[in-house]
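Now for the letters of each chain:
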Amino acid sequence: MCDQTFVAVTFGPCESCGLASPLMNIYVKTDPLNYCSFCVEVMACKGLQRGETLTSLKNESESLKKKLEEERVKLNDVELHQVAEKIEVLGALSLKTRRVLKGHSNKVLCMDWCKDRRRIVSSSQDGKLIVWDAFTLNKEHGVSLPCTWVMACAYAPSGCAVACGGLDNKCSVIPLSLDSNENLAAKKKSVAMHTNYLSGCTFTNSDMQLLTSSGDGTCALWDVESGQLLQSFHGHTADVLSLDLAPSETGNTFVSGGSDKKSNVWDMRSGQNVQSFESHESDVNCVKYYPSGDAFASASDDSTCRFYDLRADREVAVYQKDSIIFGASTVDFSLSGRLLFAGYNDYTINVWDVLKGTRVSCLFGHENRISRVRVSPDGTALCSASWDNTLRIWA
Amino acid sequence: MTIRNTLRDHGQRYRPRMACLKKAEKVVLEMQDPKTGVKSQPQRLVITTIPHAITGEDIIAWLADRFQIDAQEAKNLGTMLVALGYIYPIQDHKRLVIKPDASLYRFQTPYFWPAQQWPVEDTDYAIYLAKRNIRKKGLLELHEQEQYNRLHKWMNHKWDFIVMQAKEQYRAAKERKKPDRVVFECQERAYWVVHRPPPGTVSGMDYGLDRRIDPNGDEVKTPDYYERIMIFTQQSIMRPRVKSSVSIGALVKYCATYNSHDPFLSRSFPSNPWLTDDATYWTLNMPNVEMPTKMRVERWTFSFGELLSDPRGRNDFRLFLKKEFSGENLAFWEGCEDLKWGAAATMREKAEQIYKTFLARGAPRWINIDGKTMEVTVKGLKHPHRYVLDPAQTHIYMLMKKDSYGRYLKSPVFKDTLKKAICPEEHKFSDAQLEQNARTRRPSLSPIVLRQQEQELKAKMAASVDITQICRFTTPVPHLAVYSGISDFPSCNASPSLPFMANTPVCPSPISLALDSTSASERRAEPSEGDSDGNSGTRATVVGHVSKSRMALSLRRLLKRGCTPSNMFASLSPKCHSAAGTSSRIQPISPDQPSQAPPRRIGNFFQIKVDIPPECRIYPIESEDEEEENRSASRGGGVGAKEIICPWESLTPQNGTG
């Protein structure tokens, strides 16, 4: 985390309308302004002013973009692989499949670990949600949902509830119970409502809020109890495919990736898009924060994974190989952030050395696409969900 | 008959990009290069000769050589090319895999390569099936038969056309030479095996859900499209950045720091449960375990965030703060977190509660924040919002991080925890034991049960906190002057050679009082602390030690900052007075001038380096001292508790008087 002698203005009277609200920190030329999201929207939609044409606006935005690139290059004094030269080379990894979780009868699309380090929730294309004790392979709950393609599921931090959603455009929270025979589907509570499919969801630091991403191109923060929309995040120009919450306790940010090839970093307080990276050549399928919260990795359909440093504000590494021609669908870091696990559409999981940019290992075992990889909260194991109807635990 | 789309869609109409197709095409073209490609030769198969056939092992060898990869990976890549239909198997045509032996394959003609732009049409499939039906004289395979019937029903209106097309194509094929015909039939069949796979097989062309927004479509360019880009780019340009060497250095350092804690990179003790099927590792690392492991305690030293995010670490820190009588800082921070991430319905009440407990003048657990932040916060509280306390929270967080955390790491509390921390022996299981373990994997307590226990514990703790509060309030004022602040700084401007140490032992009574009210967990830590001190029982000396180190710490900081203490104070003290004169809302109504130099907090002498994520524009903290004056003044006057001003209750009159 950076050391700066500053404190943020994130809340107060808007300098345009005067209402106390969460503030976006924007600039007109070089003048700082603190506007609420509504006033920023008004500003963006004011239409053509006198003397402006679409072409002039286009040129202006192009020159600004160029300027931004120049600014980014200014402080670019060293590359990651140069810094990493002195670092010790990683030894061989001996990762093996330790468990195979069988129970879904169709593509497993998403999974999430419980904070207790051994329970897992997984969702599949046929609308089934299973809560497992992955250690004993015991299925603790099974919930049949009324929709297919349950593309997102998440375990609540307390371990007492799970959230899921998919083609029903909703994100529902299901409280878990100690009685495994209880019909949990009846206790389901719809929290979030999007206008298109739900592609990702996660609880924030408590059970009370849900952050969702959707095919309608937005992300949103919801209050679980009331289903109230707390904040929405507009900025992607196509389907949002994934999101990840910043791990650090001071970070009020999250990152999202979409099929507009962009990875955007958002301020959860004001809904402002504060950083955006567009270096992938195809859809960004997954984004994941580096454990320190100062960087994130993205997996893309263009068969590369990329690593962005948020403080340097640029891409610092690309993980690719000639022989890898199929898209990467999911990524996660090991506990130390040294290893990057990436699941690909060619049914393999590649393990990258984050610092050196080399591939350390390649895991075979699944018989169809990998839809999700997640390292357990204490870093002891990796779980992969696949379209071959199974989940595997690697350690 | 209407056929309902089984897939409930909401306007997803566009196939996702498949960037892999372009890349695969390149590879396949390379493979077909007459000189450098895979060797092919005509092969006799049963009665027909198949031109340009290649063997599975040749393909794998070529891929392995071309990409410098091992056989397993090459096999996987080859299989993917087969699954997408670039190469098709001749013998076992339904199993789309590469076998590393002499089984035969052929390259698919580019006409039948998969394409992203358009989906495969049912009409084409119907024609193919109809043609096949003619050729096989009605003996289709079962799944083909089913498909045929389905399509017949669905496309009834144009079935005549389909059958006509099929007949025509069949006739045209008959006119071709036999090898050509066989090859074409194989190619066509291979194409449909890929795109209409028999049930139960994996299709390489399965790409999941369609997208809502056309990935290849151009966005409509309206003025606001550019306006948005410009607004965003402007703020991006102005964004503070860090030199790459610094930020990358931090990333590298993070890896190095956590290297020995990463179970993938180093051993975990006693053993990784997934490897040995023994859950001891988890039992030892339960969230609220009595005695943490050495490794866990070590992690607390990595960063303040690490300490706070571990419940056991946070408890330990809380214990330390309690002994320092600055527990309100952590409690405030937790309250803010709760407000930020809690339910929306109770947000207003929570904000009010936090204000009354921590921020209002003379509040029971008054925290110490600078005037600017206080002003922003109080203004914001008129319309409470989840993030209204953010500046104050950041301030307190930084205060704890830069100040309390450092002292915690040097404190007897931490040393004691570290000393008691366990260092489990590595498990040495024999194979037989491992098997035994695998058979008897134990289930664990449900998180729901754990949650209940945790909440009970919390309730207990909350009760004990209340007691301390009361105790703090009933203690005589002079004692407060001694131990109220995290870093009291009394009378050191008179002589910086630490004479104020003499102050500390004069106050045994509140300390013993506090001891009586401490929770059981705190008492447990008690005796060993006495041991480590070598001094039996007198808590005052402990406090004295702490403040001595504190003092040293602050002096060191002063020097670091490059200003001598004397002129620092000289420049500060007039400011205090003027600040007291021009009192704002948060000033006390009639500030009593304290008779002696008021105790001060370090936080206000030194500009705190705030550690915030770089995503916000920001203003510098001003080191204003008015809050300190208020605090000591109202404490000194003993008015405190009654004067809680809640901004949404009675703000304007207060403003007037202030």
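Definitions and cut-offs
Residues numbered from 1 in each chain as written. Chains lettered and ligands numbered in written order. Predicted model: local features only at pLDDT ≥ 70, side-chain atom pairs only at ≥ 80, totals over all residues. Heavy atoms only, no water. UniProt positions renumbered as here; feature names shortened; annotations may be inferred. Helix = DSSP H or I, 4+ residues; strand = E, 2+ residues; numbered from the N terminus. Rg over C-alpha atoms; globule rule 2.2 N^0.38 Å. Buried < 20%, exposed > 50% of the residue type's maximum accessible area, 1.4 Å probe, protein only. Contact = heavy atoms within 4.5 Å. Areas by Shrake-Rupley, 256 points an atom, 1.4 Å probe, with all protein chains shown as cover. Core = buried A, V, L, I, M, F, W, Y, C linked by side-chain atoms within 4.5 Å. Pairing = 2+ DSSP bridges. Axes fitted to C-alpha atoms, helices over the stretch in contact; angles between N-to-C directions. Disulfide = S-S within 2.5 Å. Domains from an automatic or database assignment. Buried area = accessible area lost by both parts, 1.4 Å probe. Salt bridge = Lys/Arg side-chain N within 4 Å of Asp/Glu carboxyl O. Polar contact = N/O pair within 3.5 Å; in protein donor to acceptor, adjacent residues only side chain to side chain. Nonpolar A, V, L, I, M, F, W, Y, C, P; charged D, E, K, R; others polar. pLDDT = per-residue confidence, 0-100. Parallel < 35°, antiparallel > 145°, perpendicular 65-115°, else oblique. Phe/Tyr/Trp six-rings, centres within 6.5 Å; stacked < 30°, edge-to-face > 60°. Lys NZ or Arg CZ within 6 Å of the ring centre and 35° of its normal. Left-handed = near helix turned anticlockwise from the far one by under 90°.

Chain A appears in an unreviewed UniProt entry as G protein subunit beta 5 from Labrus bergylta. The UniProt entry for chain A carries the following text under Subunit (unreviewed entry): "May interact with RGS9; this interaction stabilizes both proteins and increases RGS9 GTPase-activating protein (GAP) activity, hence accelerating the deactivation of D(2) dopamine receptor-mediated signaling." According to the UniProt record, the Sequence similarities (unreviewed entry) comment for chain A reads "Belongs to the WD repeat G protein beta family."

Here we come to the overall build of chain A. Counting its regular elements, chain A contains three helices and 32 strands. Rg of the C-alpha trace for chain A: 22 Å, near the compact-globule value of 21 Å for 395 residues, within the 12% margin. For chain A, the spread of C-alpha atoms along the three principal axes comes to 65 × 55 × 40 Å. Across the 395 residues of chain A, 68% fall into the buried class.

This part covers the overall build of chain B. Helix and strand counts for chain B stand at 29 helices and five strands. Here chain B, with 658 residues, has 50% of them falling under the buried criterion. Contacts spanning at least 24 positions in sequence make up 71% of the contacts within chain B whose residues lie at least 6 apart. A total accessible area of about 31400 Å² is found for chain B, and carbon and sulfur atoms account for 56% of it.

Glancing now at the nonpolar core. Ranked by size, the top nonpolar core spans 42 residues in total, and within it F304, F317, F332, L359, M400 and Y408 of chain B carry the most contacts. Within the residue set of this core, elements represented by two or more residues are α12 (294-300), α13 (304-309), α14 (311-324), α15 (327-341), α16 (347-359), α17 (371-380), α18 (390-410) and α19 (412-420) of chain B. No other element matches α18 of chain B, which puts eight residues into this core. Membership of the second largest hydrophobic core comes to 36 residues, among which are I325 of chain A together with L63, W113 and V194 of chain B.

The next thing to look at is the sheet that holds strand β5 (residues 97-102) of chain A. All names here are of chain A. The strand order β5-β32-β31-β30 describes an open sheet built from four strands, whose pairing is antiparallel. Every other strand in the sheet has two partners, leaving β5 and β30 (370-375) as the edge strands with one partner each. Geometrically, the sheet is characterised by an average inter-axis angle of 20 degrees between neighbouring strands, direction not taken into account. Pairing geometry for β5 and strand β32 (residues 390-394), over five bridges, is antiparallel. Note on β32: the bridge partner recorded for R99 is I393.

A few words on the state of the cysteines. Summed over the entire model, instances satisfying the criterion amount to zero disulfides over all chains. Just so you know, C305 of chain A is unpaired, no disulfide at all, and the nearest cysteine sulfur is the one on C286 of chain A, 8.8 Å from it.

Looking now at the UniProt feature "coiled-coil region" (unreviewed entry) in chain A. Taking the numbering used here, the UniProt-annotated feature "coiled-coil region" (unreviewed entry) corresponds to residues 54-81 of chain A. Helix makes up 82% of residues 54-81 of chain A and strand 0%, whereas the separation of the span's terminal C-alpha atoms amounts to 42 Å.

With that out of the way, let us pick up the domain arrangement of chain A. All names here are of chain A. Each domain of chain A was delimited in the assignment, giving domain 1 (14-45) and domain 2 (82-394). The C-alpha centroid of domain 2 is placed 33 Å from the C-alpha centroid of domain 1. Counting from both sides, the interface comprises six residues of domain 1 and, opposite them, four residues of domain 2. For the domain 1 and domain 2 pair, buried surface summed over both sides reaches about 360 Å², with 50% attributable to carbon and sulfur atoms. Area buried by domain 1 at its contact with domain 2 is led by P22, M24 and N25, which between them contribute 78% of it. Counting across the domain 1 and domain 2 interface gives zero salt bridges. Between domain 1 and domain 2 we count two residue pairs in polar contact (both at pLDDT 80 or more) in total. A per-element tally of the side of domain 1 that touches domain 2 places strand β3 (residues 20-28) first, with five residues. Classifying every residue of the side of domain 1 that touches domain 2 gives four nonpolar, two polar and no charged.

Consecutive residues of a regular strand have side chains that alternate between opposite faces of the sheet. All names here are of chain A. The pairing of strand β24 (residues 305-309) with strand β25 (residues 314-319) spans five bridges and is classified as antiparallel. Among the inter-strand pairings, D309 is bridged to a residue of β25, identified as R314. The hairpin formed by β24 and β25 contains four residues between the paired strands, and D313 there has a positive phi angle of roughly 65 degrees.

For the rest of this paragraph, the subject is the confidence of the model for chain A. Low pLDDT marks stretches whose predicted atomic positions should not be read closely. Averaged over chain A, the pLDDT score is 90; the fraction of residues at 70 or greater is 97%. This stretch, residues 1-7 of chain A, has a pLDDT under 50; its non-local contacts, to residues over four places away or in other chains, come to 39 contacts.

Residues and elements named next belong to chain B. Taken N-terminus to C-terminus, the directions of α14 and α15 make an angle of 140 degrees; their axes are 7 Å apart at the nearest point. With respect to their mutual orientation, α14 and α15 come out oblique. Taking contact as the criterion, the partners of R314, F317, R318 and L321 in α14 are, on α15, G327, L330, W333 and E334. Looking at the contact of α14 with α15, its residues break down into four nonpolar, one polar and three charged.

This part takes up the packing of aromatic side chains. By the definition in use, this model includes 38 aromatic pairs over all chains. Between F307 of chain A and Y319 of chain A, the aromatic rings sit 6.5 Å apart at their centres with planes inclined by 50 degrees, giving tilted as the arrangement. Of this pair, F307 of chain A sits in strand β24 while Y319 of chain A sits in strand β25, and the two are twelve residues apart along the sequence. As far as burial versus exposure is concerned, F307 of chain A and Y319 of chain A are alike and both buried. Ring centres of Y86 of chain B and W113 of chain B lie 5.3 Å apart, and the angle between their planes is 65 degrees; this geometry places the pair in the edge-to-face category. With Y86 of chain B in the loop between α3 (71-83) and β3 (87-89) and W113 of chain B in the loop between β4 (104-107) and α4 (122-135), this pair connects stretches of sequence that are 27 residues apart. Per residue, the accessibility class of Y86 of chain B equals that of W113 of chain B, and both read buried. Grouped by ring-pair contacts, the aromatic residues Y290, F307, Y319, F333 and W352 of chain A together with Y254, Y258 and F302 of chain B constitute a single cluster. The lysine or arginine in question, R176 of chain B, covers the ring of F184 of chain B, its NZ or CZ lying 4.9 Å from the ring centre.

Let's shift gears to the UniProt feature "repeat: WD" (unreviewed entry) in chain A. Mapped onto this structure's residue numbering, the UniProt feature "repeat: WD" (unreviewed entry) falls at residues 101-133, 191-232, 233-276, 277-318, 330-362 and 363-395 of chain A. From the first C-alpha to the last, residues 330-362 of chain A spans 15 Å; its make-up is 0% helix and 58% strand.

We now examine the sheet that holds β24 of chain A. The strand order across the open sheet built from four strands is β22-β23-β24-β25 (chain A), with neighbouring strands paired in antiparallel fashion. If you trace the sheet from one side to the other, it starts and ends with β22 (284-289) and β25 of chain A, each paired once. Mean inter-strand twist for the sheet, computed between neighbouring axes without regard to direction, equals 25 degrees. Sheet strands touched by helix α9 (residues 244-258) of chain B: β23 (295-300), β24 and β25 of chain A. Its angle to β24 of chain A, the strand with the most contacts, is close to 115 degrees.

Contact residues are listed per partner, giving 164 residues for chain A and 131 residues for chain B. At the junction of chain A and chain B, the tally comes to eight salt bridges. At the boundary of chain A with chain B, the tally comes to 43 residue pairs in polar contact (both at pLDDT 80 or more). Tallying contributions element by element places helix α2 (residues 54-74) of chain A first for the side of chain A that touches chain B, with eleven residues. Across the side of chain A that touches chain B, the residue classes break down as 71 nonpolar, 47 polar and 46 charged.

With that out of the way, let us pick up the packing of α15 of chain B against α16 of chain B. Residues and elements named next belong to chain B. In contact at an axis separation of 10 Å, α15 and α16 are set at 165 degrees when each is read in the N-to-C sense. By the criterion of interaxial angle, the relationship of α15 to α16 is roughly antiparallel. The way α15 lies across α16 gives a crossing that is left-handed. Contacts between α15 and α16 involve E328, A331, F332, G335, C336, D338 and L339 from the first element and M347, K350, A351, I354, F358 and L359 from the second. A class-by-class count of the residues in the contact of α15 with α16 yields nine nonpolar, one polar and three charged.

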